[in-house]
Amino acid sequence: YQLETWGAQGGTIDKTYYAGYGGYSRGTIILNKSSTLYINVGGQGTCKKLTENNKIASGGYNGGGVGSSAYSLRNVCGGGGATHIATSQGLLSSLENNKNSIIIVSGGGAGSWVQPNTSVYTKTPGHGGGYIGTTGETNVPENCNNIKYATGGTQLGAGESGRDYGTFGKGAGQNYTGGAGGGGGWYGGNST
């Protein structure tokens, strides 16, 4: 059998501030006639146009990280969820101790965000991967080092930058600084 999966795109504010795309994976497997496969299709992250601090934009189904306005008035989106096929039932994050049951995974993309009337926004969204997610970039004021990066998850671990980190099956959520959620995946991406 040939199996294909596509991770979900992160939440997109508009055509200017778009989110990361989901990854794609394909593989071939021999299955027994009586095999049962469980398919979890990642969902797109939601967006919130915020009018006050500390509002949350939900991440997509199956591990998308939440977006948060935390300390600033920002329009934020959650990350996209991963899509996976396994021989055991459950969300990807629930299979951490049963990894042998997971057949194939495609990561979700990071959400987008913007702080209206400023130069603070998602410059390059992080895209989900089959093997590795891409690095996202956030444009921030010069007194904040100008550009901040959030790396994608890999087969071995979550991304390695940012304040909030992804985990197995889940993209990073924004709990401190405010911004978009990371995409879900075998290991989730960091938030931007």
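A. Just the environment of A150, in detail. Position of A150 among the secondary structure elements: in strand β13 (residues 147–150). Given the relative accessible area of 3%, A150 is considered buried.

B. The state of the cysteines, seen in detail. For the structure shown, the criterion picks out one disulfide. With its sulfur 2.0 Å from that of its partner, C47 forms a disulfide with C77. Taking the sign of the torsion about the S-S bond as the criterion, the disulfide between C47 and C77, at about 105°, is right-handed. With C47 in strand β4 (residues 47–48) and C77 in strand β7 (residues 75–77), this pair connects stretches of sequence that are 30 residues apart. Overall, C47 belongs to the partly exposed group, its relative accessible area being 35%.

C. View of the side chain of S106. Among the structural elements, S106 can be located in strand β9 (residues 102–106). One polar contact links S106 to S25, side chain to side chain, over a distance of 3.0 Å. In this structure S106 touches T5, W6, G7, G23, Y24, S25, A82, T83 and G129, once residues within four positions along its chain are discounted.

D. Molecular detail of the sheet that holds strand β8 (residues 83–86). Strand order in this open sheet of three strands is β3-β8-β9, and the pairing throughout is antiparallel. Edge positions in the sheet fall to β3 (38–40) and β9, since each has one partner strand and no second. Across the sheet, the mean angle from the axis of one strand to that of its neighbour is 10°, orientation sign disregarded. Bridging between β3 and β8 involves three bridges; their strand directions are antiparallel. Each bridged residue has a counterpart across the sheet, and for Y38 the counterpart in β8 is A86.

E. A look at the pairing of strand β1 (residues 2–6). Residue alternation in β1 divides its side chains into a buried set, L3 and T5, and an unburied set, Q2, E4 and W6. The sheet contact formed by β1 and strand β2 (residues 24–28) spans five bridges and is antiparallel. Counterpart to T5 in the pairing with β2 is S25.

F. Main features of the pairing of β9. For β9, the buried fraction is high: four of the five residues fall into the buried class. As paired strands, β8 and β9 are joined by four bridges and run antiparallel to one another. Along β9, the bridge assignment pairs A86 with I102.

G. Up close: the nonpolar core. In terms of nonpolar packing, the biggest core is built from nine residues, these being A82, A86, L92, L95, I102, V105, F168, W186 and Y187. In this view, A82 contacts N40, V41, G42, Y61, N62, L92, V105, S106, G107, G108, G184 and G185; residues no more than four positions away in its chain are not counted. Among the nonpolar cores identified, the runner-up in size contains five residues, and L50, A57, V76 and A180 belong to it.

H. Spotlight on the packing of aromatic side chains. Overall, the coordinates contain four aromatic pairs when judged by the stated rule. Measuring from ring centre to ring centre gives 5.1 Å for F168 and W186, while their planes differ by 75°; the resulting arrangement is edge-to-face. One end of the pair, F168, is in the segment after β13; the other, W186, is in the segment after β13, and 18 residues separate them in sequence. For the residue pair F168 and W186, the accessibility class agrees, reading buried in each case. Here the aromatic residues F168, W186 and Y187 are joined through ring pairs into a cluster of three or more.

Calculation criteria
Per-chain numbering applies: the sequence of each chain, read as written, is numbered from 1 onward. This being a predicted model, a pLDDT of at least 70 is required before a residue's local features are given, and a value of 80 or more before pairs of side-chain atoms are given or counted; all residues contribute to the totals for chains, interfaces and linings. To obtain the side-chain values, all non-hydrogen atoms of the structure were used and water was disregarded. Helix numbering and strand numbering both begin at the N terminus, where a helix is a DSSP run of H or I of at least 4 residues and a strand a DSSP run of E of at least 2. Residue exposure (1.4 Å probe, protein chains only): buried if accessible area is under 20% of the type maximum, exposed if over 50%, otherwise partly exposed. Here, two cysteine sulfur atoms that lie within 2.5 Å of each other are counted as a disulfide. Any pair of N or O atoms that falls within 3.5 Å is considered a polar contact. Within protein, one atom must be able to donate a hydrogen and the other to accept it, and sequence-neighbouring residues count only if both atoms are side-chain atoms. Two residues form a contact once any of their heavy atoms are found within 4.5 Å. Being paired, for any two strands, means DSSP has found at least two bridges between them. Here the axes come from fitting lines to C-alpha atoms, over the contacting stretch only for helices, and the angles between their N-to-C directions go from 0 to 180 degrees. What is meant by a nonpolar core is a set of buried Ala, Val, Leu, Ile, Met, Phe, Trp, Tyr and Cys residues, joined one to another through side-chain atoms within 4.5 Å. What counts as a ring pair is set by centres within 6.5 Å for rings of Phe, Tyr and Trp (its six-membered ring), and what kind of pair is set by the plane angle: stacked under 30 degrees, edge-to-face over 60, tilted for all other angles.

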